[in-house]
Amino acid sequence: MYSHINSAAVFGINAFTVEIETHIDNALPAFTIVGLPDSAVKESRERVTAAIKNSGFVFPSKKITINLAPADIRKEGSAFDLPIAVGILTALDMMKQDCLDGIVALGELSLEGTLRPVHGVLPIALASKAKGFTTLLVPPQNAGEAALVGGIDVIPIESLSECFDFLTKHKTIEPFVVDTEELFKREERKHHLDLADVKGQENVKRALEIAAAGGHNVLMIGPPGSGKTMLAKRIPTILPPLSIQEALETTKIHSVAGLLGKEQAIVSVRPFRAPHHTISDAALVGGGMNKIRPGEISLAHHGVLFLDELPEFKRNALEVLRQPLEDKRICISRTKLSVEYPANFMLVCSMNPSPDGGAPELANTSNQSQIKKYLGKISGPLLDRIDIHLEVPAVRYDELSSKKRGETSEVIRERVVKARNIQIERLAPDGLFKNADMSTKQIAKYCELDDSCQTILKIAMLKLGLSARAYDRILKVARTIADLEGKPKIDAAHISEAIQYRTLDREYWG
């Protein structure tokens, strides 16, 4: 007695189809699963056995062999419970094999036979559609996420018995349908924070507007209580809204990581991730001992990664950021596999100028070595990859006591969106969407300088001892400043302001 049914598994943020073959033999009772299953897949034997019995079916006292093909790729998770149970019922001739044509099934079974949600349904739906399957059977909690794909019938299944009735045509279940654009608009929530809440710091707000407009990385240095964290938490309020394509990419990552809310089908706002400084390098960039998971830099894809108290992070955790900051992706390699996750995020960091928070120039001689050690935790190559360096001074009393409010996030966001639209129009032929992503080739094409700009930049390079990478970053920031003003060409004022954001690291680390 033999049957086969299709399911799928996640690898990185993509999925691949898995054919589940079932063979039942008249031999001593046994239940074996082969095809490189992990512990969660092996444990499905007990869940499937109990679910079949509690759903009113007779479990056979025979030898059952389950093969998960392809057999050379490791299978993880509990999503194979439903297709294994359906495969057994089909092999027992309780339903015909042709009932399973064009179907992909997944879901975790409870002992009573009901279905529980699983992770990674969105990439599985995309892979199933690409392979030409017509129907996807999923737990009801995953139906909204799967239906985002379109072009494949998503059937919400409550239990094993309901799945049996649907496949044998004893029950009709309508495909789950969502209006992606309407859902996207409905779930896009308003921000509760506003840049107008921050007193003073107008120069810093200006720099953050530039950073948001071009997607540039930012480092803020200032004494405790100057508002660095408060400013950083409000950066998402001035970022452009996610496009549907960006939202789907971000949702895939959160789906694989199991971070989608119970009723959440799509990530509709830009992520803001703020890990604690005790985080390990594997948790920051992704990895794991037995199971590779996306890290904070991938969870912040198309959003903001905020590292507060930057020097307190482990040195090796910070150094692993260097490659993804350049490549906008992270490749995690192990002995038997290699997984790639996207990591196109905006890095925002904050730190004190010294261990006690005071200005370095006011410290006595005995503390200078401690300050040097404190600042030395941030390497030059990492600083070089941060486009904008800002000094955030302490807020004066007259600014704190003033009832005058600054510009709201909504007003600033409108200017940022206009600048981004200019960048999208210019960079779309290159497959890019913001200035921070420009390569050397695009910089040479879109950041041409006249003689006066060349002179200013040459003087800055010589006096500050800037690297070639810093040269490129200055041009990117200058291009963004010009876009905010709606200027087609970079002029001397834009270059001068961009250079200003590269001098602070020389003051502290020079």
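Going by the structure above, here's the rest.
Q: Please set out the overall build of the protein residue by residue, giving values where relevant.
A: Helix and strand content of the protein: 23 helices and 18 strands. With the principal axes as the frame, the protein shows a C-alpha extent of 85 × 50 × 45 Å. Within the protein, buried positions represent 53% of all 510 residues. With the model as given, the accessible surface of the protein reaches about 23100 Å², and the carbon-plus-sulfur share is 52%. The centroid of the 63 positive side-chain charges in the protein is displaced by 3 Å from the centroid of its 64 negative side-chain charges.

Q: Quick one: what's the story with the packing of helix H2 (residues 44–54) against helix H3 (residues 81–91), residue by residue and with numbers?
A: Running from N to C, H2 and H3 cross one another at 55°; their axes reach a closest spacing of 10 Å. As judged from the angle between their axes, H2 and H3 are oblique. For the pair H2 and H3, the sense of crossing is right-handed. For the pair H2 and H3, the contacting residues are Ser-44, Arg-47, Val-48 and Ile-52 in the first and Asp-81, Ile-84, Ala-85, Ile-88 and Leu-89 in the second.

Q: Before we move on, could you go through a positive patch on the surface and cite the residues and values that matter?
A: A grouping of Lys-42, Arg-45, Arg-74 and Lys-336 is seen on the molecular surface, where their side chains present a positively charged patch. Tracing the sequence through the fold places Arg-45 in helix H2. Judged by its relative accessible area of 32%, Arg-45 falls in the partly exposed class.

Q: I'd like a description of the environment of Tyr-2, backed by residues and values.
A: Locating Tyr-2 in the fold gives a position in strand S1 (residues 2–11). The exposure class of Tyr-2 is partly exposed, given its relative accessible area of 45%. For the pair Tyr-2 and Ala-69, spaced 67 residues apart in sequence, the C-alpha separation works out to 15 Å. If sequence neighbours within four positions are ignored, Tyr-2 has contacts with Glu-19, Glu-21, Thr-22 and Ala-91. In terms of polar contacts, Tyr-2 uses its side chain to reach the side chain of Glu-21, at 2.9 Å.

What counts as what
Residues numbered from 1 in each chain as written. Predicted model: local features only at pLDDT ≥ 70, side-chain atom pairs only at ≥ 80, totals over all residues. Heavy atoms only, no water. Helix = DSSP H or I, 4+ residues; strand = E, 2+ residues; numbered from the N terminus. Buried < 20%, exposed > 50% of the residue type's maximum accessible area, 1.4 Å probe, protein only. Areas by Shrake-Rupley, 256 points an atom, 1.4 Å probe, with all protein chains shown as cover. Lys, Arg positive; Asp, Glu negative; His and termini not counted. Charge placed at Lys NZ, Arg CZ, Asp CG, Glu CD. Axes fitted to C-alpha atoms, helices over the stretch in contact; angles between N-to-C directions. Parallel < 35°, antiparallel > 145°, perpendicular 65-115°, else oblique. Left-handed = near helix turned anticlockwise from the far one by under 90°. Contact = heavy atoms within 4.5 Å. Patch = residues over 30% accessible without salt bridge, like charges linked within 9 Å, V, L, I, M, F, W, Y side chains within 5 Å. Salt bridge = Lys/Arg side-chain N within 4 Å of Asp/Glu carboxyl O. Polar contact = N/O pair within 3.5 Å; in protein donor to acceptor, adjacent residues only side chain to side chain.

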